[in-house]
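What follows is each chain in one-letter form.
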Amino acid sequence: MKAAYIDRFGGPEVLQYGDLPDPTAATGEVVVDVAAASVNGADWRVRAGQYGQATFPLVLGRDFSGSVAALGAGVDDLKVGDAVFGVLEAGREGAYAEKLAVKAAIIAKKPDWLSHVDVAALALTGLTAIVTLEATLKLKRGETILIRGGAGGVAGFAIQLAKHIGARVIVTASAGNLDYVRGLGADEVIDYNAQDFVRVVSNCDAVFDMVGGEAVQKSFAVLRPGGRAAFIASGPQAPKPDRDDVTALRPAVGRARAPLERIVQLVGAGAVRPPQVTLYRLSQAAEAHRLSQSRHFRGKLVFQVR
Ligand SMILES: NC(=O)c1ccc[n+]([C@@H]2O[C@H](COP(=O)([O-])OP(=O)(O)OC[C@H]3O[C@@H](n4cnc5c(N)ncnc54)[C@H](OP(=O)(O)O)[C@@H]3O)[C@@H](O)[C@H]2O)c1
């Protein structure tokens, strides 16, 4: 199979495109012929070696859509030819490839009305947004949430889901993306380069911070007493708040079929629409990583694999 992979850690230039052996399905797994795979914020960090040890060659990528090509022993709820999508097991990479093997129990069927590209763009972002808003922050109708980093993939899903839940949604983004996040349903938008959001936002029930970095304490500053903030760009632990009347949370984004089916349900119901997508071929992985690593783009970067 063709794949985009690395055989050492480094910059985007270490990404190679070439032939690797086809995977086989172990017990409980299926082999998927990948049609589309998306780029996530974690991928360039894995490539750069920030996630530690790896076995080389390492195929990058976490979420995908495609069709079942082979069944391992014990798989009886999928059949060869089924269109499926999903996210690889936590800690596993390997979606930037024409084929991958994955546990059948953690992938879901792709409906005909959703394209491989769109559902690959929605898989890990949707899973992360659903787990963060529904299971972690337990966002409720009538609450106010600040979403930091509004133009990216996770945020695009989160803004729409928060509106669907019935929350008031305040979003930070750069000037060129303000109309985009308004179009996703943001009630109030803040150009974070022109305005310090802590000066104009206060008394939020919840914050979803996907920016991380040095400004994380600002996410606590805009909360009401008893408010809660969830962080997905600040490492494996939530940062410690500098006040003791708020809660800091790190969503545990597990892999399971149910939240993937919930993504399909939300899109089918018209509550969430797929993000703006920029398409690449696997042979252009270095180019896609340069843009992802810049952290200034809109929506999702997706490989059209076949
Ligand atoms: N399971 C997990 O824990 C999990 C899963 C998925 C993603 N993540 C993490 O979540 C973060 C978001 O991921 P992503 O894939 O949605 O997007 P991303 O690629 O990390 O971020 C791109 C977006 O961030 C915005 N941005 C950058 N700096 C900003 C700032 N200071 N304030 C506001 N917005 C800013 C950019 O918009 P502008 O151009 O408008 O600045 C851009 O649209 C990443 O750090 C990723 O690693 C974690």
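This write-up is about the structure you can find in this document.

Parameters at a glance
- Residues numbered from 1 in each chain as written.
- Predicted model: local features only at pLDDT ≥ 70, side-chain atom pairs only at ≥ 80, totals over all residues.
- Heavy atoms only, no water.
- Axes fitted to C-alpha atoms, helices over the stretch in contact; angles between N-to-C directions.
- Helix = DSSP H or I, 4+ residues; strand = E, 2+ residues; numbered from the N terminus.
- Parallel < 35°, antiparallel > 145°, perpendicular 65-115°, else oblique.
- Contact = heavy atoms within 4.5 Å.
- Nonpolar A, V, L, I, M, F, W, Y, C, P; charged D, E, K, R; others polar.
- Polar contact = N/O pair within 3.5 Å; in protein donor to acceptor, adjacent residues only side chain to side chain.
- Pairing = 2+ DSSP bridges.
- Buried < 20%, exposed > 50% of the residue type's maximum accessible area, 1.4 Å probe, protein only.

**Quick look at the packing of helix H2 (residues 116-136) against helix H7 (residues 257-268)**
Now for step 1: The interhelical angle for the contact between H2 and H7, taken along N-to-C directions, is 95°, at an axis separation of 9 Å. Considered as vectors, H2 and H7 are oriented roughly perpendicular to each other. Here Leu122, Ala123, Gly126, Leu127, Ile130 and Glu134 of H2 lie close against H7, whose contacting residues are Pro259, Leu260, Arg262, Ile263, Leu266 and Val267.
Now for step 2: When the residues that make up the contact of H2 with H7 are grouped by side-chain class, the tally is 9 nonpolar, 1 polar and 2 charged.

**Remarks on the side chain of threonine 136**
Now for step 1: Mapped onto the elements of the fold, threonine 136 is located in helix H2.
Now for step 2: Here valine 131 takes part through its backbone oxygen, which lies 2.9 Å from a polar atom of the side chain of threonine 136.

**Examining the sheet that holds strand E11 (residues 188-191)**
Now for step 1: If you walk across this open sheet you meet the 6 strands as E11-E10-E9-E12-E13-E14, and the pairing is parallel. The open sheet is flanked by E11 and strand E14 (247-249), the only strands paired with a single partner. Strand-to-strand twist in this sheet, taken as the mean axis angle between neighbours without regard to direction, amounts to 15°.
Now for step 2: Pairing of strand E12 (residues 204-209) with strand E13 (residues 223-231), which is carried by 5 bridges, proceeds in the parallel orientation. Among the inter-strand pairings, cysteine 204 is bridged to a residue of E13, identified as leucine 223.
Now for step 3: Running over the sheet, H2 touches strand E9 (144-148), E12, E13 and E14 and is turned about 155° from E12.

**Comments concerning the side chain of aspartate 209**
Now for step 1: Mapped onto the fold, aspartate 209 is located in strand E12.
Now for step 2: Excluding residues that lie within four positions of it along the chain, aspartate 209 makes contacts with Arg148, Val216, Ser219, Ala230, Phe231, Ile232 and Ala233.

**Structural notes on the pairing of strand E6 (residues 83-87)**
Now for step 1: Counting buried positions along E6 gives 4 out of 5 residues, so the element sits mostly inside the fold.
Now for step 2: Sheet topology places E6 next to strand E8 (residues 107-109); 3 bridges connect them, and they run antiparallel. When the sheet's bridge partners are listed, valine 84 is paired in E8 with lysine 109.

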